[in-house]
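# Working through the structure, step by step
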Amino acid sequence: MTTDGHPLLPLTLDELLTTTRSVRKRLDLSRPVERSVIEECLRIAQQAPSASNRQHWHFVVVTDPAKRAALGDLYRRGHQGYQSARTAMSFPTEERAAVYQRVRSSADYLAEHVHKVPVHVIPCIEGRPEGLSHGQQAALWGTILPAAWSFMLAARARGLGTVWTTFHLSYEREAAEILGIPYDRVMQTALIPTAYTLGTDFKPAPRDPLASMLHWDTW
């Protein structure tokens, strides 16, 4: 039980880290999410490390149905653009092909229903990437990403599901107008649909052997 009275799932730290999945089809679209639990997760996110220990973060939490509908329209436009531009893919095994089809089906489902997800969390950071060097852009993203991931971990621990999405960023300026975000000074980095999950029994996902991606001292 947390200080705000929100129960925590009985997960070890390793279980939390290995079972925080991208949740799409198992988001509960009918159950409201309390403002207090979102704020509790964001207070945890505030403790994430950041470049020069300067928290230039902002989190825009969207629960208004009309604004979620407007963001959903932008999201679907971005999703459709991605679908149109996507080239045919080949896979080394049938298993990998099946995994891809499941993920694609899940992504299509979310695009259709994203406006129904009760909470949209949009992590933002002061500054824009245009004109920055590769290193400067890495520092900008490296400042907001740990905070966003901390939010997602805290949400999982409280029975909430999340997924990092970026489709709406193809229309970031339009989203900024909907939400009153000062586009010229503040960059949106994602849209994280957030809801209670249908069941909490998430498991580690299959991954390639560590040796296939591990390099000691040289490539």
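Please refer to the structure placed before this passage.
Remember, it's a predicted structure, so these values are computed and weren't measured experimentally.

Turning our eyes to something else, we now look at helix α6 (residues 172-179). Think of an α-helix as 3.6 residues a turn; residues three or four steps apart then line up on the same face. Within the span of α6, buried status applies to Glu172, Ala175, Ala176 and Leu179. All buried residues of α6 project into a common sector of 105° when viewed along the axis, lining one side. Buried residues along α6 sit in contact with β1 (57-62), α3 (65-85), β2 (119-126) and β4 (186-188).

Below, the discussion takes up the environment of glutamine 83. In this structure, glutamine 83 sits in helix α3. Owing to a relative accessible area of 23%, glutamine 83 belongs among the partly exposed residues under this scheme. Residues glutamine 83 and glutamate 112, spaced 29 residues apart in sequence, show a C-alpha to C-alpha distance of 13 Å. Those residues in contact with glutamine 83, other than ones at most four positions away along the chain, are Arg104 and Asp108. Engagement of the side chain of glutamine 83 in a polar contact is seen with the side chain of aspartate 108, the distance being 2.9 Å.

With that settled, the discussion passes to a nonpolar patch on the surface. On the surface, Leu210, Met213, Leu214 and Trp216 cluster together into a nonpolar patch covering about 490 Å² of accessible area. Within the fold, tryptophan 216 resides in the segment after β5 (192-196).

One finds Val33, Val37, Ile38, Phe151, Leu160 and Ile192 to be the most contacted residues of the largest nonpolar core, which totals 17 residues. Among the nonpolar cores identified, the runner-up in size contains 12 residues, and Ile122, Cys124, Ala176 and Val186 belong to it.

We now examine the packing of aromatic side chains. What the rule picks out here adds up to 2 aromatic pairs. Look at tyrosine 75 and phenylalanine 167: their rings are 5.3 Å apart centre to centre, the planes differ by 85°, and that puts the pair in the edge-to-face class. One end of the pair, tyrosine 75, is in helix α3; the other, phenylalanine 167, is in the loop between β3 (160-162) and α6, and 92 residues separate them in sequence. The exposure class of tyrosine 75 is buried, given its relative accessible area of 2%. Exposure remark for phenylalanine 167: the relative accessible area of 17% places this residue in the buried category. Three or more aromatic residues joined by ring pairs make a cluster, and in this case those are Tyr75, Tyr82 and Phe167. The ring centre of tyrosine 196 lies 3.6 Å from the NZ or CZ of arginine 31, which sits over that ring.

Cut-offs and rules
Residues numbered from 1 in each chain as written. Predicted model: local features only at pLDDT ≥ 70, side-chain atom pairs only at ≥ 80, totals over all residues. Heavy atoms only, no water. Buried < 20%, exposed > 50% of the residue type's maximum accessible area, 1.4 Å probe, protein only. Helix = DSSP H or I, 4+ residues; strand = E, 2+ residues; numbered from the N terminus. Arc of directions from axis to C-beta. Contact = heavy atoms within 4.5 Å. Polar contact = N/O pair within 3.5 Å; in protein donor to acceptor, adjacent residues only side chain to side chain. Patch = residues over 30% accessible without salt bridge, like charges linked within 9 Å, V, L, I, M, F, W, Y side chains within 5 Å. Areas by Shrake-Rupley, 256 points an atom, 1.4 Å probe, with all protein chains shown as cover. Salt bridge = Lys/Arg side-chain N within 4 Å of Asp/Glu carboxyl O. Core = buried A, V, L, I, M, F, W, Y, C linked by side-chain atoms within 4.5 Å. Phe/Tyr/Trp six-rings, centres within 6.5 Å; stacked < 30°, edge-to-face > 60°. Lys NZ or Arg CZ within 6 Å of the ring centre and 35° of its normal.

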